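Descriptive analysis of the structure
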Amino acid sequence: METVFFNGMPMHTSGEMPLVDSYAPGFSLVAKDLSEINLHDFKGKRVVLNIFPSLDTDVCAASVRRFNKDASEMRNTVVLCVSKDLPFAASKFCVANGIDNVYTASGFRSDFGTDYGVEIIDGPLRGLYARSLVVIDEAGKVKGTSMCREITEEPDYKFVESLLR
């Protein structure tokens, strides 16, 4: 269990993030077209999981826009922007913001949050995901994880850059 903060208010997550050098837990998420997105769909590619509470917040939306820009420059890498937002909302957001270099993925019918230790289990954001990053290499192993202690702050983009060099 990790402690994160929402405007200084402590909240807790469902467990621990995957360990570095362990194989990333498999997942099944829902794409904006309602199809399934699975980790094994990206075998042989590096995967960045940009995990956050909701596209309806300025900070989450900013992280998706930033990763959309950065993704076009990432070699052999896909970025999945993961939240519990419904696929319909994600699709509308992508169209309105010209998002086409990242995948949005909804965990609304998945154990993703528990399996990755990012689901918030108490406080006002209970049931949503803590702002986190997971970088997975081409072999499916976790290269690094980062969880923002304060949910209202953007993720550490330089952390991802350092792992993808």
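In this text the structure is predicted, and so the values were computed from the model without any measurement.

1. Examining the packing of helix α1 (residues 58-71) against helix α4 (residues 157-164)
At a minimum axis separation of 12 Å, α1 and α4 run at an interaxial angle of 25°. It follows from the interaxial angle that α1 and α4 lie roughly parallel. Both α1 and α4 take part in a crossing whose hand is right-handed. Two secondary-structure elements touch here, α1 through Ala62, Ser63, Arg66, Phe67 and Asp70 and α4 through Tyr157, Val160 and Glu161. Taken together, the residues of the contact of α1 with α4 sort by class into 4 nonpolar, 1 polar and 3 charged.

2. A short note on the packing of aromatic side chains
A full pass over the atoms with the stated rule returns 6 aromatic pairs. Among the aromatic side chains, those forming a connected cluster through ring pairs are Phe27, Phe112, Tyr116 and Tyr129. Between Arg66 and the ring centre of Tyr157, over which it is positioned, the NZ or CZ distance is 4.2 Å.

3. Quick look at the sheet that holds strand β9 (residues 142-147)
Ordered in space as β4-β3-β7-β6-β5-β8-β9, the 7 strands form an open sheet in which the pairing is mixed. Two strands lie at the open edges of the sheet, namely β4 (36-38) and β9, each paired on one side alone. Taking the axes of each pair of neighbouring strands and ignoring which way they run, one obtains an average angle of 30° across the sheet. Packing of α1 onto the sheet brings it into contact with β5 (46-51), β6 (77-83) and β8 (132-136), and relative to β5 it is tilted by some 165°. Running over the sheet, α4 touches β5, β6, β8 and β9 and is turned about 5° from β8.

4. A word on α4
Those residues of α4 lying buried are Tyr157, Phe159, Val160, Leu163 and Leu164. What you see down the axis of α4 is that its buried residues fit within an arc of 160°, all on one side. Its buried side turned inward, α4 meets β5, α1, β6, β8 and β9.

5. Looking at unusual backbone geometry
A positive phi angle is found at Asn7, which is not glycine, with a value near 50°. Among the structural elements, Asn7 can be located in the loop between β1 (3-6) and β2 (9-12). Take Asn7: its relative accessible area is 59%, and that puts it in the exposed class. For Leu34, which is not glycine, the phi torsion reads 75° and is therefore positive. One can find Leu34 in the loop between β3 (28-31) and β4. Look at Leu34 and you get partly exposed, because its relative accessible area is 42%.

Scoring rules and cut-offs
Residues numbered from 1 in each chain as written. Predicted model: local features only at pLDDT ≥ 70, side-chain atom pairs only at ≥ 80, totals over all residues. Heavy atoms only, no water. Axes fitted to C-alpha atoms, helices over the stretch in contact; angles between N-to-C directions. Helix = DSSP H or I, 4+ residues; strand = E, 2+ residues; numbered from the N terminus. Parallel < 35°, antiparallel > 145°, perpendicular 65-115°, else oblique. Left-handed = near helix turned anticlockwise from the far one by under 90°. Contact = heavy atoms within 4.5 Å. Nonpolar A, V, L, I, M, F, W, Y, C, P; charged D, E, K, R; others polar. Phe/Tyr/Trp six-rings, centres within 6.5 Å; stacked < 30°, edge-to-face > 60°. Lys NZ or Arg CZ within 6 Å of the ring centre and 35° of its normal. Pairing = 2+ DSSP bridges. Buried < 20%, exposed > 50% of the residue type's maximum accessible area, 1.4 Å probe, protein only. Arc of directions from axis to C-beta.

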